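Letter by letter, the chains look like this.
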Amino acid sequence: MTRSPFWKTYLALAVAAGLGSYIYFVERKRPEPTSEKPKEKVFTFDRAKVNAITLAPQGSDPIRLVKEKDAWRMTAPSDVAADSSQVDSLLSSLESLESEEVVTESPGALGDYGLDKPKSTVTLGLEGVKDPLVLAVGEKTPDGGALYAKTPARARVFTIASYLESSLEKKPFDLRDRDLLHVKRDAVRSLEVTGPEGAYALARSAGGDWAFTRPLATQAGRWSVDGLLGSLESLRMDSVSDESPKDLKPYGLDKPTRTVALGLGDGTRKTIEIGAATADKKYHARVSDRPMVALIPPALSDELAKGMGELRSKRLLEVATYDVTGFDVELGGTRKSYARSSSKDKDGLEVSKWKRTAPDAKDLDTAKVQDALFAIGGVDVSEFVDQPAAPATYGLDQPALKVTLKFDAGKPFVSFEVADKDGASYARRASDAAVLKVDPKKAADVVKAFKEL
């Protein structure tokens, strides 16, 4: 009998089919692998009821934290305010703490795990609960990947992840409140600064703009002042030099190098004094409402060293076009007025429209008006003339353009004038003692933009 030339192929297919049948009927009877047993929480508690925390590291004084209303206070080893965010982080670590593995249910000697004299002990007091929650932490496991631990509630020894060591072993300074000023930038109404670069003062208007009141009345830059306020708001000490110094001279605070006094919306004042620098370029500082001398990073002192010039408005005006509700223009001996109105489109979205209201009424191209307003903010100041001569020296006795911007109720009008003299361009803001030398091309662009409305 002659074999088919493909008999080997048929044989291979038959073997494969048989093997597939075996796998299907045998393997399907095997039980599904069981999922990994979930890890057990070490503690179950309502963190809102935690009213006391004690951290007792081996060989160091215990740290005790007590809840006072919505804040935390450290009562030992020193009585100071605590950093609530750090305390919350500690509670989060304890709340999510899991037992990695039970080492033994009946330990022979706790010393084998470093638990006869724990490296650290954490105790939580709970409102309405008699017995506190306690966690004792011992040595690391031989592979260094976990820590031995136990609670008084059971005899067993278990392990917790080794990365939790840094979360539970805190130093007092880690948990104390390091915020020096405790001010929010929006609460500041005035600033007074003294230093080697000179002294100056600023005040915030009802509309939220900042202006210098000393040594001359002139506009301050909104964003530059906000940056300084942000530095003051976020100022944190790096360490404590002395909690209650008897002599300020060693810290250079008997005659501070710089001071910043803040007037707040509630009528109170806070002053920070900055003294001598250390070898690593940090600065001793003290706040008026406490005796402590602290070390602060150099950023604030470096910022203040830039002086008043850093905070001046270096543009003709900082204008948010969407805030402007109207404006008056005096140009070529003619005065014109403009107003913005708002309405809803078919989709319910607010749409702004501009029109000239005097001396005649005319609807305007909104985009052209917005461009003209936007151009004001693009005029750079190249020089401040803080003790100006007569207006005619700068052509400001007969300005080429005068614009008065109007805003929503509560914010005062803002005016400026632009003029040319001997090939240079100058500007002046209302209620500003300085004359501004400005970019000629950009000043010409502003004049042209308003002339075309």
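Residues numbered from 1 in each chain as written. Predicted model: local features only at pLDDT ≥ 70, side-chain atom pairs only at ≥ 80, totals over all residues. Heavy atoms only, no water.

Enquirer: Tell me about the pairing of strand S8 (residues 120–126), and please be specific about residues and values.
Expert: Burial analysis of S8 places five of its seven residues in the buried class, which makes it a mostly covered element. Pairing of strand S2 (residues 50–57) with S8, which is carried by seven bridges, proceeds in the antiparallel orientation. Bridging across to S8, Ala-52 finds its partner in Gly-125. Both S8 and strand S9 (residues 133–140) contribute to a ladder of five bridges, which runs antiparallel. The residue of S9 that forms the bridge with Thr-123 is Val-134. Two successive antiparallel strands, S8 and S9, enclose a turn made up of six residues, where Gly-128 displays a positive phi of approximately 80 degrees. (Buried < 20%, exposed > 50% of the residue type's maximum accessible area, 1.4 Å probe, protein only. Helix = DSSP H or I, 4+ residues; strand = E, 2+ residues; numbered from the N terminus. Pairing = 2+ DSSP bridges.)

Enquirer: Tell me about the nonpolar core, and name the residues and values.
Expert: If you look at the biggest cluster of nonpolar residues, it comprises 64 residues, and the most contacted ones within it are Leu-191, Phe-327 and Phe-450. Ranked by residue count, the leading element in this core is helix H8 (residues 440–451), at five residues. When near neighbours in sequence (up to four residues on either side) are disregarded, Phe-327 contacts Lys-336, Ser-337, Tyr-338, Trp-354, Val-369, Leu-373, Val-403, Thr-404, Leu-405, Lys-406, Phe-450 and Leu-453. (Core = buried A, V, L, I, M, F, W, Y, C linked by side-chain atoms within 4.5 Å. Contact = heavy atoms within 4.5 Å.)

Enquirer: Describe in detail the packing of aromatic side chains, supporting the description with residues and values.
Expert: Here the structure, examined in full by the defined rule, presents six aromatic pairs. Measuring from centroid to centroid gives 5.8 Å for Tyr-200 and Phe-212, while their planes differ by 70 degrees, and the two rings are edge-to-face. Within this pair, whereas Tyr-200 is found in strand S13 (residues 200–204), its partner Phe-212 is found in strand S14 (residues 210–214), the two being separated by twelve residues in sequence. The same class applies to Tyr-200 and to Phe-212, which are both buried. Pairing Phe-327 with Trp-354 gives two aromatic rings, centres 5.3 Å apart and planes at 45 degrees, and the pair type is tilted. Note that Phe-327 is positioned in strand S21 (residues 324–331) and Trp-354 in strand S23 (residues 350–358), a separation of 27 residues in sequence. (Phe/Tyr/Trp six-rings, centres within 6.5 Å; stacked < 30°, edge-to-face > 60°.)

Enquirer: Go over the pattern of salt bridges, please, and point to the residues and values.
Expert: As enumerated under the stated definition, the model contains 29 salt bridges in all. Here Asp-209 ties to Arg-222 by a salt bridge, and the two come within 3.3 Å at their closest N and O atoms. Taken together, the residues Asp-209 in the loop between S13 and S14 and Arg-222 in helix H5 (residues 222–233) connect sequence positions 13 residues apart. Taking the relative accessible area as the measure of exposure, Arg-222 reaches 24% and is therefore partly exposed. Here Arg-286 makes a salt bridge to Glu-273, at a shortest N to O gap of 3.6 Å. In this pair, Arg-286 sits in strand S19 (residues 283–287) while Glu-273 sits in strand S18 (residues 269–277), placing the two residues 13 residues apart along the sequence. You can call Arg-286 partly exposed: its relative accessible area is 23%. (Salt bridge = Lys/Arg side-chain N within 4 Å of Asp/Glu carboxyl O.)

Enquirer: Got a sec to walk through empty space enclosed by the protein? Specific residues and values, please.
Expert: For the structure on display, the rule yields one cavity of 30 Å³ or more. Considering the residues around the largest cavity, the lining is formed by Tyr-200, Leu-228, Glu-303, Leu-304, Gly-307, Glu-310 and Leu-311. (1 Å grid on protein atoms, 1.4 Å probe; cavity = no way out; pocket = protein on both sides within 12 Å on 5 of 7 lines; lining within 4 Å. Points joined across faces, edges and corners; volume = space filled by probe spheres on them.)

Enquirer: Which residues make up H5, and what values go with them?
Expert: With twelve residues, H5 should reach 16 Å at 1.5 Å per residue; the first-to-last C-alpha distance of 16 Å fits that figure. Restricting attention to buried positions, one finds in H5 the residues Val-225, Leu-228, Leu-229, Gly-230, Leu-232 and Glu-233. (Expected span 1.5 Å × (residues − 1).)

So yeah, pure geometry; function would need other evidence.
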